[in-house]
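Tertiary structure, described
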2 protein chains.
Amino acid sequence: MGKRHEQLHLGAFIYYAGHHHAGWRHPDSGVEGMFDIDWYRRLARTAERGKFDMIFFADLLYATNVEQAVAGMLEPITLLSALSAATEKIGLTATVSTTYNDPFNVARKFSTLDHISGGRAGWNIVTSQLDIEAHNYGKAKHPEHSLRYEMAHEFVDVVTRLWDSWEDGALVLNRETGQFADGTKVKPVDYKGQWYSTAGPLNVPRSPQGYPVLIQAGSSGPGQEFAASIGEVIFTAQQSLEAAQTFYENVNGKLAGYGRKRGSLKIMPGLSPVLGSTEEEAQRRHRELQELIPHAAITMFLSSLLGVDLSEHSLDDQLPDIPDPVEKFNGMKSRIQLIMNMAREEKLSMLELGRRVLGARGHLQFVGTPEQLADLIERWFESYACDGFNMMAPVLPGGLEEFVDEVVPILQKRGLFREDYTGHTLREHLGLERPAEHHFRLARASHS
Amino acid sequence: MGKRHEQLHLGAFIYYAGHHHAGWRHPDSGVEGMFDIDWYRRLARTAERGKFDMIFFADLLYATNVEQAVAGMLEPITLLSALSAATEKIGLTATVSTTYNDPFNVARKFSTLDHISGGRAGWNIVTSQLDIEAHNYGKAKHPEHSLRYEMAHEFVDVVTRLWDSWEDGALVLNRETGQFADGTKVKPVDYKGQWYSTAGPLNVPRSPQGYPVLIQAGSSGPGQEFAASIGEVIFTAQQSLEAAQTFYENVNGKLAGYGRKRGSLKIMPGLSPVLGSTEEEAQRRHRELQELIPHAAITMFLSSLLGVDLSEHSLDDQLPDIPDPVEKFNGMKSRIQLIMNMAREEKLSMLELGRRVLGARGHLQFVGTPEQLADLIERWFESYACDGFNMMAPVLPGGLEEFVDEVVPILQKRGLFREDYTGHTLREHLGLERPAEHHFRLARASHS
C-alpha cells in the first residue's frame, strides 16, 4: 500500500493514432481506423479494462500540412456519445474550446453527454492556440492570450450557471395535474457579461454529476489561476520531479484563496512512455520512432513555434539566438518556456531538440521497462508531484494495450491504483464531490 | 404493387414524449425516459424494426413555461451518435439551427455523425423561431424571417463547401513515405460571405454519404425556394390532399430552375395519427387526449401565436379580428396562415381551434383504424401529394409501436413500403444520389 491515503488517477489521452509525431507511421499504429468508430470502441474498452478514470480526447480546430503529418479528428463530444454505448464505467472527457463555441451550446452538449452516459462526462476547457483556427471561424486573428483567459473565465461562469438553472429534483411529471416541472426550481440565468450573455434556463435538466468534471489544460500564470478558481483536474506538462512538485504546491496553495479545499483539484501531468521488456529494447523502439520524424517537420515545427524562419539553418546546429519567443507566441506559453530552457541547458542540436519535442510534444518522455515506469509513477505520486497521469501512448492502440497489460497490474499490486471501479460516475472515480447548485458561483464570489 | 414506380418513405418524428401537446400526460407515455438514453434506444429500435427511412429529432433552443407544459430536450446530434451504436440501418436525422450555430462546428459534427454511423446522418436545417431563443444566445432579437433565410442559404453554402474540402480518396496513409494525405485533394475553402467566412479545409475527411442528407423544414415562399435550391427532403405541414398536391407540384416545378432533376427532393408532410381497432375507439382515444390540453395552455398558445392578449376572451367564442397576424409573426409563417384559414373556414371556437392546433401542432391529424390510415397514406402517395410521411406519434413510445405493428404490415402488403432495407446509408433508403464534390455549388452557380 502506498503512503498516500488516496490512490492515483489515470487518463488515456487519445491523440491521432498515437501521441508521438510520427506514431501513425509505426507498423503497429491503427491509423486506418482514425475515422472509424470501431477503432475508438477498441481504445475505450482497453482503457476501461485497465480501470482508467477516463478516456481523454484532444481537439484541434484545423487541418493543415496534410501531406507531411497526421491531421483531422472526429468531433470529440459526438464521438464520446457513441463510446458511452460501448462502455459502462470509464469517464468520457472531451476537449472543447471556449474561443470558438457558444456557452449555451456547450452547456447543453455536455449536459446531454452526462445524461446519456449516466454521469461520466468531463470537459477539458481550452482556449485554442492558432490564427488558422480563428480563420476557420471567420475571425482574422486568434485573440491574445490573457484576453482568451478572461473570456474563458466568463464562458465557464455562464456555462455553470446554465447547468445550475434546473435544480436537482425539478422534474415533477405529474400526469394528473399536468405539472411538468417545479417552476421554483427552474430559474432564468439572466447573465449579461462583457463577452457572453444568456437568459436561460438551459433546455436540459441538471445532469447526473450536477456538472461534468471541469478540466483545465494550461500551466501559464493565467492558466494556473483559472484552474485554481474553477478546475477540478489540471492537465499539465512537467519535465522534472522537482518542477512538478513546485507546480503541485503552487496550484494547491492557490485553492484556499478561492474558498476551496486542498485536493479538490487533481493534478495530472502528461506522460508518454515507450516500453520494452528490457531497457535496451525500449531504447531501440524509441530510436526507431524518433527517426520516423521527417527533418522537414522539425524545421517547420521549430520555425513556427519560435516565430522565425529556420530553413537556412542546419539541424545539427544549436538554436540561433531568438529574442523573446515566449512573448511573441500567442499559444501555449508555458510549453514554449519549457522547450527553450531544455534546449539551452542541455545544449541540444535542433535535430535533437526537434525530435525530443515532437516525440512527446513537450510532455514527459519515459523510455524503459514496465517496472521502471511503475517506479517513476510511484515516485512522482508519493512525493506529491502529481495526483496521477494522463497517459499519452506514442502509438495507438498498441501503446495503450501494453500499458494496461504490463504496467497497470504492477501499480495495482503496489496498492497505488484501483483493482476495479468502486463508483459509477467520473466524479466518483476521481474522488470529487458532486457540486451543489451555485457551488462555483459562491466560490468565486468569496474570492472577489 | 402501387402505381408509382418508387416506394414511399417514412420518418419517425420524435418530439418530447409524443407530438400531441398533452401526450406526455397520457398514462402510456414514457415521459420519465425523456432524459434517459434507454428510452431513446427503444424508440430507435422500434422505428428500425418498422424499416423506417429515418428517426427524426426536433429541436428547440429554449425551455419555458415548465410548470404547465413539457420542456427540455437532449441535444440531438449527441443523442443520435449514441443511438448509432444501438441501430444498424436506420437514418439518424437531427434538427440544427443555422441561426445559433457556427458553420465550421456544424459541418464537423454532422460529418462526424456520418462517419460514426456509416453514412446514416441527415440534417434538418431550420432557422429557429423565437426571441426567447435569441436571448439564450446573447442576442436581443431573433433575426427577421427573410434575413434568416438569406443567412441560412449562405450557412448551408459554407457547410457544403467544407464537406467538399476533402475529396473522396484524399487519405493516403503511406507509412513508408510519411505521406498522410494527398494535398491536391484537400483544399482550402476561402469563403468570405456576407455573414459567414471560413478558411478551411474542414478537419474531417469527406464522410460516407459525401454529405449528410439535407432536409428543409419550412413551407413559406423563401422556405420553398431554399428547399428547391439545396434540400433533398422537405418536411412540411399540409392539411388537405388538394393543398398538398399543389405544394408537391409547385416545389417539384422549381427544381429545374436550380439544375435539378424531378424527384431529387422528397416531399414528406407530417402526419399525426390516433389509432383504434374501430373508428369509435380511435375517436374516444383522440377525445381523451384533446381533453388533457389545459385551457390555460390554449389561451397562452393562441395569444403568443397571434401576438394579442386573449386572456379576457371566452374560449367558447371564435377568434376576434386580428390585423395581419402573419405579417406580425416572425416564426413559422406558413403554419400561421394555415391555422387562420382553418379557424375562419370552419368557424371554430377558440377551444376547438386550440385543441386542433395543439393536438397535432398544425400538422395533419388522422383519427381512425390502421386500415383507414393505410388508405390515407396510399391515397396521398399515389396521387402525388407526397413522397412519404414524417410520422408524428401523439404519445411515445406507444404511438410509434402501434404504427410499426399495425400499419407498416398493411403498407408492405400493398407493396407501398419496403419489406426490409436494401441499402446501408440514409441516401440509399431515400433513393438519393451520393453528391459528387461541388455538386451544390455548381447547381447554384447555374441558377444565378
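How each quantity is defined
Residues numbered from 1 in each chain as written. Chains lettered and ligands numbered in written order. Predicted model: local features only at pLDDT ≥ 70, side-chain atom pairs only at ≥ 80, totals over all residues. Heavy atoms only, no water. UniProt positions renumbered as here; feature names shortened; annotations may be inferred. Least-squares fit on C-alpha atoms with pLDDT ≥ 70 in both. Contact = heavy atoms within 4.5 Å. Axes fitted to C-alpha atoms, helices over the stretch in contact; angles between N-to-C directions. Helix = DSSP H or I, 4+ residues; strand = E, 2+ residues; numbered from the N terminus. Parallel < 35°, antiparallel > 145°, perpendicular 65-115°, else oblique. Nonpolar A, V, L, I, M, F, W, Y, C, P; charged D, E, K, R; others polar. Buried area = accessible area lost by both parts, 1.4 Å probe. Salt bridge = Lys/Arg side-chain N within 4 Å of Asp/Glu carboxyl O. Phe/Tyr/Trp six-rings, centres within 6.5 Å; stacked < 30°, edge-to-face > 60°. Buried < 20%, exposed > 50% of the residue type's maximum accessible area, 1.4 Å probe, protein only. Lys NZ or Arg CZ within 6 Å of the ring centre and 35° of its normal. 1 Å grid on protein atoms, 1.4 Å probe; cavity = no way out; pocket = protein on both sides within 12 Å on 5 of 7 lines; lining within 4 Å. Polar contact = N/O pair within 3.5 Å; in protein donor to acceptor, adjacent residues only side chain to side chain.

- An unreviewed UniProt entry annotates chain A as FMN-dependent monooxygenase of Paenibacillus paeoniae.
- According to the UniProt record, the Sequence similarities (unreviewed entry) comment for chain A reads "Belongs to the NtaA/SnaA/DszA monooxygenase family."

**Considerations on the relation of the copies chain A and chain B**
- Superposing chain A onto chain B takes a rotation of 180° combined with a translation of 0.0 Å along the rotation axis, leaving an RMSD of 0.0 Å. The transformation just described matches what one would write down for a two-fold rotation axis. Taking the C-alpha atom as reference, chain A places A82 of chain A closest to the rotation axis, 2.1 Å from it.
- A share of 99% of interface residues in chain A that are also interface residues in chain B marks the association as one of identical surfaces.

**A short note on the packing of helix α5 (residues 145–164) of chain A against helix α6 (residues 221–230) of chain A**
Residues and elements named next belong to chain A.
- Closest axis-to-axis distance for the α5/α6 pair is 10 Å, and the angle between their directions is 10°. When the axes of α5 and α6 are compared, the pair comes out roughly parallel. Taken together, the residues of α6 that come into contact with α5 (itself represented by H145, Y149, A152, H153 and V156) are P222, G223, F226, S229 and I230.
- Residue composition of the contact of α5 with α6, by class: six nonpolar, four polar and no charged.

**So, the interface of chain A and chain B**
- Listed by partner, the interface residues are 73 residues for chain A and 73 residues for chain B.
- Across the chain A/chain B interface, buried area totals approximately 5700 Å², and carbon plus sulfur atoms make up 56% of it.
- For chain A, the biggest contributors to the area lost against chain B are R108, R175 and F180 of chain A; these three give 14% of the whole.
- Among the salt bridges present, the one from E32 of chain B reaches R175 of chain A, with a minimum N-O distance of 2.7 Å.
- Contributions of two or more residues to the side of chain A that touches chain B are made by α1 (37–49), α2 (76–84), α3 (103–116), α4 (131–136), β5 (171–174), β6 (179–181) and β8 (197–198) of chain A.
- When its residues are assigned to classes, the side of chain A that touches chain B shows 37 nonpolar, 24 polar and twelve charged.

**A short note on the packing of aromatic side chains**
- Throughout the structure, instances matching the rule amount to 38 aromatic pairs over all chains.
- On the basis of an interplanar angle of 25° and a centroid distance of 4.8 Å, the ring pair of Y100 of chain B and Y137 of chain B is categorised as stacked. Note that Y100 of chain B is positioned in the loop between β3 (91–97) and α3 (103–116) and Y137 of chain B in the loop between α4 (131–136) and α5 (145–164), a separation of 37 residues in sequence. Just as Y100 of chain B is buried, Y137 of chain B falls in that class too.
- Between the aromatic rings of Y149 of chain B and F226 of chain B, the centroid separation amounts to 5.8 Å while the plane-to-plane angle is 75°, which identifies the pairing as edge-to-face. In this pair, Y149 of chain B is assigned in helix α5 and F226 of chain B in helix α6 (residues 221–230), connecting sequence segments 77 residues apart.
- What makes F226 of chain B buried here is its relative accessible area of 2%.
- The rings of F110, W123, F155, W163, Y196 and Y211 of chain A are connected pair by pair, giving a single aromatic cluster.
- Positioned over the ring face of F381 of chain A is R4 of chain A, at 4.1 Å from the centre of the ring.

**Concerning the UniProt feature "binding site: FMN" (unreviewed entry) in chain A**
- UniProt's entry tags D59, T95, H145, Y149, S219 and S220 of chain A with the feature "binding site: FMN" (unreviewed entry), counted in the numbering of this structure. For the largest cavity, the lining residues among the annotations just cited are D59 and T95 of chain A.
- Here D59 of chain A is to be found in the loop between β2 (54–57) and α2.
- Within the structure, the side chain of D59 of chain A is placed 2.4 Å from the side chain of R108 of chain B, a separation counted as a polar contact.

**Observations concerning the side chain of T236 of chain B**
Residues and elements named next belong to chain B.
- Note on placement: T236 falls in strand β10 (residues 233–236).
- Here T236 falls in the buried class, since its relative accessible area comes to 1%.
- Among the polar contacts listed, one links the side chain of T236 to the side chain of S219, at a separation of 2.7 Å.
- Residues within four places of T236 in sequence aside, it is in contact with S219, F247, I267, M268, P269, G270 and H363.

**As for the side chain of H363 of chain B**
- Note on placement: H363 of chain B falls in the loop between α12 (350–360) and β12 (364–368).
- Non-local contacts of H363 of chain B, meaning those with residues more than four positions away in its chain, are made with H19, F235, T236, A237, Q239, G270, R335 and M392 of chain B.

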